[in-house]
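As a plain string of letters, each chain reads:
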Amino acid sequence: MGARCSHSPSTLQRPARHHVLPLTEPVREAATMVCSALRRLVQVHVSLARKASGVCRGHEHRPAAPGAPGGVVELLGKSYPQDGYSNLSRKVLSKVGRNLHNQQHHPLWLVKERVKAHFYQRFRGRSGTPLFSVYDDLSPVVTTWQNFDSLLIPADHPSRKKGDNYYLNETHMLRAHTSAHQWDLLRAGLDAFLVVGDVYRRDQIDAQHYPVFHQLEAVRLFSRHQLFAGVKDGESLQLFEQSSRSAHKQETHTMEATKLVEFDLKQTLTGLMTRLFGDGLDIRWVDCYFPFTHPSFEMEINFRGEWLEVLGCGVMEQQLVNSAGAQDRVGWACGLGLERLAMILYDIPDIRLFWSEDERFLGQFRVGDIEQSVRFQPLSKYPAVMNDISFWLPPENYTENDFYDLVRTIGGDLVEKVDLIDKFEHPKTHRTSHCYRITYRHMERTLSQREVGRIHQAVQEAAVRLLGVEGRF
């Protein structure tokens, strides 16, 4: 359930080591690497002074840098030829393999373990063993078929855009959701499982969004006997029929089967949220749309007086289930973001903190019991440094996510947020100008205007060279 829920069927949605770029001459080198990394992405043909090469956090790159057609990226022991789709930055590649969700006592690990405990303890097989199996070390590199086609996402759907995803090449990418593994696990014969892992999306820059975040997916299938066991006159009920699709069910499902699957789904997730947040939690369900479930829902919880969306879920599309070889079963799927839950549970204000190696942060989560209540005690908040950048947009091939990705790659985790503060169209030339305010803040020390100025200058130069903008600096 990695795609964001849409309230209209025509759209589909939607937060490594704490890394700070050196603040001397290498900053200018970082800008050069960005040039190579993003050149094809924005379809701007430029001449670079030199191409970066070498090793990036254990991920070896052959002479052509990420994004350069004709080059090769070696990632997690495999080689991927690059083409016009390649748009991975070294910033993002440096996060692959960090697996924060598997680092003991990390806040994301705590949330994962608490969710696992709920499913392990509540659902048991006949022999008393856990019903749900867990997969938390699957490779984040998937095919575009796994990430999109297997989930019935149309070929022309906007969620496939290069501007929203990280592609190794036309056929391989860093998964945008853990749902990318759903079909393969169903095909392997599994009917109850959890998938946990890092996922990658190009997005805006603020305290709630980061190009790498972590999801947990849950899937459960039912046979006719399993679903109707204990139901009065259940032996006469059927899973399937041929009828018409409505807002409440699929054309192949009986209303009885749909309602029982929906009931089990909502009861399971209500129990999970009650375990995480305590008794007396107010919950509401919002109808929405996903390509791979119908009916589909978002769960919202009332936490400290505010309604917060915490997960998406629904009755699995039978076409998907059938294609994976489970034609005699129906089921549900749900997906939640670990960062989202951890920020709410532990009162963590900034998503960048999850990548920090500061002991003042990590030490707060070394608890003897995963269920122990933790309230994050903020580190000293160092002052922000804000610089603006204005430029005229090129006639075509400009997207805001291209600019955000460039800023992240050069500024790293020093960039707290980027806001579009002004948009202007010239009355005579009809050219459009954007002005962005970039907020820089180090999580562990005070930044000087001088060192921020170096990074900001690198951003300005790269924006002109790569994105084809005309600076108004």
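Position labels on residues start from 1 in each chain and follow its written sequence. Residues qualify for local features only when their pLDDT is at least 70, as the model is predicted, and side-chain atom pairs are given and counted only at 80 or more; totals for whole chains, interfaces and linings, by contrast, use all residues. Neither water nor hydrogens contribute to the side-chain values; these are computed over all heavy atoms in the structure.

Trainee: So what about the overall build of the chain? Which residues, and what values?
Mentor: Check the secondary structure of the chain and you find 12 helices and 17 strands. All accessible-area figures derive from a Shrake-Rupley calculation using a 1.4 Å probe, and residue coverage is judged against the displayed protein chains alone. Carbon and sulfur atoms make up 48% of the accessible area of the chain, which totals about 19,800 Å². Each helix is a run of DSSP H or I of at least 4 residues and each strand a run of E of at least 2, with the numbering of both proceeding from the N terminus.

Trainee: Can you explain the sheet that holds strand E10 (residues 282-290)? Please cite residues and give values.
Mentor: A strand pair is defined by DSSP finding two or more bridges across the two strands. Taken together, 7 strands build an open sheet; the order of strands is E5-E8-E9-E13-E12-E11-E10 and the sheet is mixed. Bordering the open sheet on either side are strand E5 (133-135) and E10, each of which pairs with just one other strand. This sheet shows a mean twist of 25 degrees between the axes of neighbouring strands, independent of strand direction. Sheet topology note: the strand E11 (residues 293-303)/strand E12 (residues 306-316) ladder contains 9 bridges and is antiparallel. Its bridge partner being in E12, Asn302 is matched across the sheet by Trp307. The contact definition used throughout considers only heavy atoms, calling two residues in contact when any of these lie within 4.5 Å. Only the stretch in contact is used when a helix axis is fitted, and all axes are lines through C-alpha atoms; the angle between N-to-C directions ranges over 0 to 180 degrees. The strands touched by helix H9 (residues 338-346) are strand E8 (192-200), strand E9 (212-222), E11, E12 and strand E13 (330-337); relative to E13, the strand with the most contacts, the crossing angle is about 55 degrees.

Trainee: Tell me about helix H11 (residues 400-411), and please be specific about residues and values.
Mentor: Helical periodicity: at 3.6 residues per turn, an α-helix aligns residues three or four positions apart in one direction. Expected helix span is computed as 1.5 Å times (number of residues minus one). For H11, which comprises 12 residues, the first-to-last C-alpha distance of 16 Å matches the rise-based estimate of 16 Å (1.5 Å per residue) to within 8%. Type-normalised accessible area, obtained with a 1.4 Å probe on protein chains alone, sets the label of each residue: buried when under 20%, exposed when over 50%, and partly exposed for intermediate values. Here H11 lies mainly inside the structure; 11 of its 12 residues are buried. Within H11, the full set of buried residues consists of Asn401, Asp402, Phe403, Tyr404, Asp405, Leu406, Val407, Arg408, Thr409, Ile410 and Gly411. Note on H11: the residue one or two positions beyond its end, Gly412, has a positive phi of about 60 degrees.

Trainee: Pulling in residues and values, what's your account of the packing of aromatic side chains?
Mentor: Aromatic pairs are defined between Phe, Tyr and Trp rings, using the six-membered ring for Trp, whenever the two ring centres lie within 6.5 Å; interplanar angles under 30 degrees are classed as stacked, those over 60 as edge-to-face, and all others as tilted. Overall, the coordinates contain 19 aromatic pairs when judged by the stated rule. A centroid spacing of 5.4 Å and a plane angle of 65 degrees characterise the contact between Phe391 and Phe403, whose relative ring orientation is edge-to-face. Of the two residues, Phe391 sits in strand E14 (residues 385-392) while Phe403 sits in helix H11, which places them 12 residues apart along the sequence. A relative accessible area of 0% means that Phe391 is categorised as buried. Any Lys NZ or Arg CZ found within 6 Å of a ring centre and within 35 degrees of that ring's normal is scored as a charge over the ring. Directly above the ring of Tyr85 sits Lys162, whose terminal nitrogen or CZ lies 5.8 Å from the centroid. The ring centre of Trp307 lies 4.1 Å from the NZ or CZ of Arg284, which sits over that ring.

Trainee: Describe the sheet that holds strand E17 (residues 470-471), with residues and values.
Mentor: Pairing in this open sheet of 4 strands is antiparallel, and the strands run E15-E16-E14-E17 from one edge to the other. Looking along the sheet, the strands with just one partner apiece sit at the ends: strand E15 (415-425) and E17. Of the strand pairs in this sheet, E14 and E17 are connected by 2 bridges, and their pairing is antiparallel. Looking at the pairing, Trp392 lines up with Glu470 of E17. Taken strand by strand, helix H12 (residues 449-467) contacts E14, strand E16 (432-440) and E17, and its axis lies near 20 degrees from that of E14.

Trainee: Describe the pattern of salt bridges, with residues and values.
Mentor: Pairing is possible between side chains of opposite charge, provided their charged atoms come close. We define a salt bridge as a contact between a side-chain nitrogen of Lys or Arg and a carboxyl oxygen of Asp or Glu at a distance within 4 Å. Applying the stated rule across the entire model yields 30 salt bridges. Note that Glu262 and Lys266 form a salt bridge whose closest N and O atoms lie 3.0 Å from each other. Placement of both Glu262 and Lys266 in helix H7 (residues 255-277) is noted, with a separation of 4 residues, approximately one turn of the helix. Neither Glu262 nor Lys266 differs from the other in exposure class; each is buried. A single network of salt bridges, built from pairs that share partners, joins Lys112, Glu113, Lys116 and Asp136.

Trainee: Could you give an account of unusual backbone geometry, naming the residues involved and the relevant values?
Mentor: It is generally the case that most residues other than glycine have a negative phi and that most peptide bonds are trans. Along the chain, His294 connects to Pro295 via a cis peptide bond; the corresponding omega equals -5 degrees. With respect to the element layout, Pro295 can be found in strand E11. Despite not being glycine, Asn99 shows a phi value in the positive range, around 50 degrees. Along the polypeptide, Asn99 turns up in the loop between helix H2 (90-93) and helix H3 (107-122).

Trainee: Can you lay out the pairing of strand E3 (residues 72-75) for me, pointing to particular residues and giving the numbers?
Mentor: Sheet topology places E3 next to strand E4 (residues 78-81); 4 bridges connect them, and they run antiparallel. Residue pairing across strands places Leu75 opposite Lys78, the latter belonging to E4. Here E3 folds back onto E4 in antiparallel fashion, the turn holding 2 residues, of which Leu76 has a positive phi close to 55 degrees.

Trainee: I'd like a rundown of the nonpolar core, residues and numbers included.
Mentor: Leu174, Met273 and Phe277 are the most contacted members of the largest nonpolar core, which has 76 residues in total. Looking at this core, the element that brings in the most residues is H7, giving 8 residues. Among all residues touching Leu174, those that are not within four sequence positions of it are Leu75, Leu88, Val92, Val96, Pro140, Val141, Tyr166, Leu168 and Tyr200. Of all hydrophobic cores here, the second largest spans 27 residues; its members include Phe391, Phe403, Val418 and Leu447. Take the buried Ala, Val, Leu, Ile, Met, Phe, Trp, Tyr and Cys residues and link them wherever side-chain atoms come within 4.5 Å; each set so joined is a nonpolar core.

Trainee: Now, about the pairing of E11: what can you tell me, with residues and values included?
Mentor: Within a regular beta strand, the side chains point alternately toward one face of the sheet and then the other, so they alternate between its two faces. Judged by how many residues are buried, E11 sits mostly within the fold: 10 of 11 residues are covered. Sheet analysis places E10 next to E11, joined by 8 bridges and oriented antiparallel. By the bridge assignment for E11, Asp287 is matched with Phe297. Linking E10 to E11, which pair antiparallel, is a turn of 2 residues. Joining the antiparallel neighbours E11 and E12 is a turn of 2 residues, in which Arg304 adopts a positive phi near 55 degrees.

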